[in-house]
Amino acid sequence: MGDLADRLRGELDRYSPGGKLPSSRALVERYRVSPVTVSRALARLAAEGLVVTRPGAGAFRARPRTPEAPAGDTSWQEVALSADGAADLVPRTVDATGVTVSLAAPPPGVLEFNGGYPHPSLQPERALAAALARAGRRPGAWGRPPLEGLPELREWFAREIGGAVTAAEVLIAAGGQSALATALRALAPPGAPVLVESPTYPGMLALARAGGLRPVPVPVDPDGVRPDLLADAFRATGARVFVCQPLFQNPTGAVLAADRRAEVLRIARAAGAFVVEDDFVRHLVHADAGPLPRPLAADDPDGVVVHVGSLTKATSPSFRVSALAAHGPVLERLRAIQVVDSFFVPRPLQEAALELVGSPAWPRHLRCLSGELKERRDAMTSALALRLPELALPHVPSGGYHLWVRLPDGTDDVAFSAAALRAGVALTPGRPYFSAEPPSPYVRLSFAAVAGPGEIAEGVRRLRAACDEAL
Ligand SMILES: Cc1ncc(COP(=O)(O)O)c(C=O)c1O
């Protein structure tokens, strides 16, 4: 296959830029190879940006990329969106455990250190109820909304993202999970590799695998994804997509360092690839954090970033309103997939979101949430340091709702989690966060899903028993 790609590469200058290559059948006959060999060779050249494949139309010599393409040129997306990076068919595995683990209620009496959303006492329940009531009375509230979402809500999300992002570049989606599903399906065909942070959110890995994609891990350190390894991974796989959480990464809590932000975008752009920015927890910043970096999408004139932002974490898992934002031709692909999959987000919910974020209760709620989260994080870190000194906390996050805790080497994280459950604490083992073998055993402890600092102290006391049993 390597041979055929090399031979085709050597002969590409026979065709004019944009010109059509011989059909796959003609290539099979000319080179006396199998159709699979031809499609792999074309996929390789497409991944290198030399060829553009258009399903149903054939393969074309790519137009040369001008090295000094002016900022704001999104024409590279044409190659990215038509290149079929699929090398091998990957069996689709549909496994919901990565998602249900943080959605399931624990058994009675068990403390919820595994929850993926803040406790009801941290949700703006009264403001939500008032917003829903007002929304239901708005004129036209029960009619069909515009397919892309209510214009004022798109406008609000565009302002939240900042930079040059406009309302026209925002689509309203039904929560972060659904927006991620749309993005992955839009950007990567079945069988294609997709670069993911390691460790990362198991619900996203589950989505990728359910779409027949091949997650390829790229390690994260306390400053976010490692750019050197990201560049290597693009080179090795020809991937066209990298899924990144630049802010308060789940599970490590890392924030992508200032000097890595532009580098990540530059590396992706050079690979002709998109960055799916999962900005899922921006509103859960702790009261002692400094100023937050803007979303990557705010500094992206070339349309590299497909941005996902969601309201669920700061409101309620049932308030399933999110935004997908993108710049360039890819927006139309996202819009079409979203409409085909789910038509639109229920209008009353969109109206309620507008009512909520426009009310004085919203900034008040966010301030209060920031203070509570900081207090709970501090309660959990000091209880762990006092009672469980054998557990390591590599990074104390300044946002999000959980700690990523390293177990002593050689510990089985799944067995430890089972021991914790017997002791009365539900937590999340680290293994599902890694798409390949974990470098060390970890568990994730959520401090936001329990009722308050009292339950945090009690949960850590119970974990002492689990440590005594399992470590
Ligand atoms: C990193 C990350 N992204 C996205 C989501 C999806 O959240 P939602 O669909 O409620 O917005 C989650 C949920 O836990 C998450 O952890």
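Residues numbered from 1 in each chain as written. Predicted model: local features only at pLDDT ≥ 70, side-chain atom pairs only at ≥ 80, totals over all residues. Heavy atoms only, no water.

**As for the domain arrangement of the chain**
Here comes step 1: Its domain assignment divides the chain into domain 1 (2-61), domain 2 (80-122 + 363-470) and domain 3 (129-357).
Here comes step 2: If you average the C-alpha positions of domain 1 and of domain 3, the two centres end up 34 Å apart. (Domains from an automatic or database assignment.)

**Section: the sheet that holds strand 11 (residues 322-325)**
Here comes step 1: Spatially, 4-11-10-9-8-5-6-7 is the arrangement adopted by the eight strands of the open sheet, whose pairing is mixed. The open sheet terminates on both sides in strands that have one partner only, identified here as strand 4 (170-173) and strand 7 (224-225).
Here comes step 2: Pairing between strand 6 (residues 214-221) and strand 7: two bridges, direction antiparallel. Along strand 7, the bridge assignment pairs Asp 221 with Gly 224. (Pairing = 2+ DSSP bridges. Helix = DSSP H or I, 4+ residues; strand = E, 2+ residues; numbered from the N terminus.)

**Regarding the packing of helix 7 (residues 151-161) against helix 13 (residues 347-357)**
Here comes step 1: Across the interface, helix 7 lies against helix 13 with an axial gap of 9 Å and an inter-helix angle of 50°. The angle between helix 7 and helix 13 falls in the class oblique. Classified by chirality, the crossing of helix 13 by helix 7 is left-handed. Residues Glu 152, Leu 153 and Trp 156 of helix 7 lie in contact with helix 13, whose contacting residues are Gln 350, Ala 353, Leu 354 and Val 357.
Here comes step 2: In terms of residue class, the contact of helix 7 with helix 13 is built from five nonpolar, one polar and one charged. (Axes fitted to C-alpha atoms, helices over the stretch in contact; angles between N-to-C directions. Parallel < 35°, antiparallel > 145°, perpendicular 65-115°, else oblique. Left-handed = near helix turned anticlockwise from the far one by under 90°. Contact = heavy atoms within 4.5 Å. Nonpolar A, V, L, I, M, F, W, Y, C, P; charged D, E, K, R; others polar.)

**A look at the site of the ligand**
Here comes step 1: Not every one of the 15 residues close to the ligand is listed here, only the nearest: Tyr 117, Asp 278, Ser 310, Lys 313 and Arg 320.
Here comes step 2: Taking Gln 177, its main chain carries an N or O atom lying 2.8 Å from an oxygen atom of the ligand.
Here comes step 3: Its free accessible area being 400 Å², the ligand has 98% of it covered by the protein chains.
Here comes step 4: The biggest single contributor to the shell around the ligand is helix 8 (residues 175-187), with four residues.
Here comes step 5: Here the shell around the ligand is built from residues that sort into five nonpolar, seven polar and three charged. (Near = heavy atom within 4 Å. Polar contact = N/O pair within 3.5 Å; in protein donor to acceptor, adjacent residues only side chain to side chain. Areas by Shrake-Rupley, 256 points an atom, 1.4 Å probe, with all protein chains shown as cover.)

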